[in-house]
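# Observations on the model geometry
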Amino acid sequence: KDDVLAGELGLHPKQVRKAMRFLHGDQLVVREFRKERAAGPAADPAAEAPKSLTHSYSCLDYARCVDVANFRLRRMVKDLDGELDERGKTQTYRCRGCRRRYTSFDVLTLVVDPGSHRFVCEGCGQGLEDEEGDDARRREQKRRLRALREKVQKQTKPLLVLLQQLRGVPPPDYGTLQEWYHAQLHEAAQAREGGGAPA
């Protein structure tokens, strides 16, 4: 229950609900909502019945959590590899005047300025600039991407090892919210019958 989790973490329930919405959006937790009557004294029969409140419950979906973590980590490294791979990459140019954009296929039909050796924009006649910059800038960008990829691989290696170990291991099954809720009611009823208070 989100409110119970907030108490255990020492956080405001709104903070926990916001975090749970984010994790649910990323498919790391499963959320369910139940309407429950607020607990209150029933001594006065004339008093109106306590209102129903919607409570949210969250739990980990272990199988999905492992799949999502595996997918995200591998996708992150694949995206970095794609940035470093020049094959199939289309070079882009932008006009310094009107900011019109051209690809390496578009510039084949453009005129080249004999003085600056730049392609000339067919709209305003200004020279085009390579959006990725000169060779030195490209090399620096690649160096930064390689360093980032190595850092990502180093930091995620322990997690990938753990995920590899979990392959083929059946995830724990704690049942549905309904099953858990009925078990809680049963425990509370047993505690009342035994004369004690539920823990």
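Residues numbered from 1 in each chain as written. Predicted model: local features only at pLDDT ≥ 70, side-chain atom pairs only at ≥ 80, totals over all residues. Heavy atoms only, no water.

### Quick look at the overall build of the chain
On a plain count of helices and strands, the chain comes out with five helices and five strands. Ordered by position in the sequence, the α and β elements of the chain form the string α-α-β-β-α-β-β-β-α-α. Out of the 199 residues belonging to the chain, those deemed buried represent 20%. For the chain, contacts bridging at least 24 residues in sequence account for 51% of all contacts bridging at least 6. (Helix = DSSP H or I, 4+ residues; strand = E, 2+ residues; numbered from the N terminus. Buried < 20%, exposed > 50% of the residue type's maximum accessible area, 1.4 Å probe, protein only. Contact = heavy atoms within 4.5 Å.)

### Brief notes about the environment of Pro-170
Summarising the element assignment, Pro-170 is placed in the loop between α4 (135–165) and α5 (177–193). Given a relative accessible area of 67%, Pro-170 falls into the exposed group. Linking Pro-170 and Ala-63, residues 107 residues apart in sequence, is a C-alpha distance of 8.1 Å.

### A closer look at the sheet that holds strand β3 (residues 92–95)
Strand order across the open sheet formed by three strands is β4-β3-β5, with antiparallel pairing between neighbours. The sheet is open, and its two edges are formed by β4 (101–103) and β5 (128–130), each paired on a single side. For this sheet the average axis-to-axis angle between neighbouring strands, irrespective of direction, equals 30°. The pairing of β3 with β5 spans three bridges and is antiparallel. (Pairing = 2+ DSSP bridges. Axes fitted to C-alpha atoms, helices over the stretch in contact; angles between N-to-C directions.)

### Quick word on the pattern of salt bridges
Inspection of every chain in the model, using the stated rule, returns eight salt bridges. The partner of Arg-100 in a salt bridge is Glu-122, and the shortest N-O contact between them spans 3.1 Å. Here the residue Arg-100 occupies a position in the loop between β3 and β4, and Glu-122 occupies one in the loop between β4 and β5, the gap between them amounting to 22 residues. Two residues, Glu-140 and Arg-144, come together in a salt bridge whose shortest N-O distance is 3.6 Å. Here the residue Glu-140 and the residue Arg-144 both occupy positions in helix α4, the gap between them amounting to four residues, near one helical turn. Since its relative accessible area comes to 32%, Glu-140 is described here as partly exposed. Classification of Arg-144 by relative accessible area gives partly exposed; the value is 45%. Taken together, the shared-partner salt bridges connect Glu-140, Arg-143 and Arg-144 into one network. (Salt bridge = Lys/Arg side-chain N within 4 Å of Asp/Glu carboxyl O.)

### Thoughts on helix α2 (residues 13–25)
Taking 1.5 Å of rise per residue, 13 residues should cover 18 Å, and α2 covers 18 Å from first to last C-alpha, within 8% of that figure. Two residues or fewer past α2, Gln-27 is found with a positive phi of approximately 65°. (Expected span 1.5 Å × (residues − 1).)

### So, the nonpolar core
For soluble globular proteins, the rule of thumb is that nonpolar side chains tend to be buried together. If you look at the biggest cluster of nonpolar residues, it comprises seven residues: Tyr-93, Cys-95, Tyr-102, Val-107, Leu-110, Cys-121 and Leu-128. Those residues in contact with Cys-121 that lie beyond four places of it in its chain are Cys-95, Cys-98, Tyr-102, Gln-126 and Leu-128. Counting five residues, the second-largest nonpolar core is a separate cluster that includes Val-77, Leu-84, Leu-145 and Val-152. (Core = buried A, V, L, I, M, F, W, Y, C linked by side-chain atoms within 4.5 Å.)

### Notes on the packing of helix α1 (residues 2–9) against α2
Following both chains from N to C, one finds α1 and α2 inclined at 115°, their axes separated by 8 Å at the closest point. On the basis of their axis angle, the class for α1 and α2 is roughly perpendicular. α2 is crossed by α1, and the crossing has right-handed handedness. Here α1 contributes Asp-2, Asp-3, Leu-5 and Ala-6 to the contact with α2, which in turn contributes Pro-13, Val-16, Arg-17 and Met-20. Partitioned by chemical class, the residues of the contact of α1 with α2 number five nonpolar, no polar and three charged. (Parallel < 35°, antiparallel > 145°, perpendicular 65-115°, else oblique. Left-handed = near helix turned anticlockwise from the far one by under 90°. Nonpolar A, V, L, I, M, F, W, Y, C, P; charged D, E, K, R; others polar.)

### Re the packing of aromatic side chains
Enumeration over the complete set of coordinates arrives at one aromatic pair. Plain terms: the ring middles of Tyr-93 and Phe-119 are 5.8 Å apart, the flat faces sit at 70° to each other, and that makes the pair edge-to-face. Note that Tyr-93 is positioned in strand β3 and Phe-119 in the loop between β4 and β5, a separation of 26 residues in sequence. For Tyr-93, a relative accessible area of 13% puts it in the buried group. (Phe/Tyr/Trp six-rings, centres within 6.5 Å; stacked < 30°, edge-to-face > 60°.)

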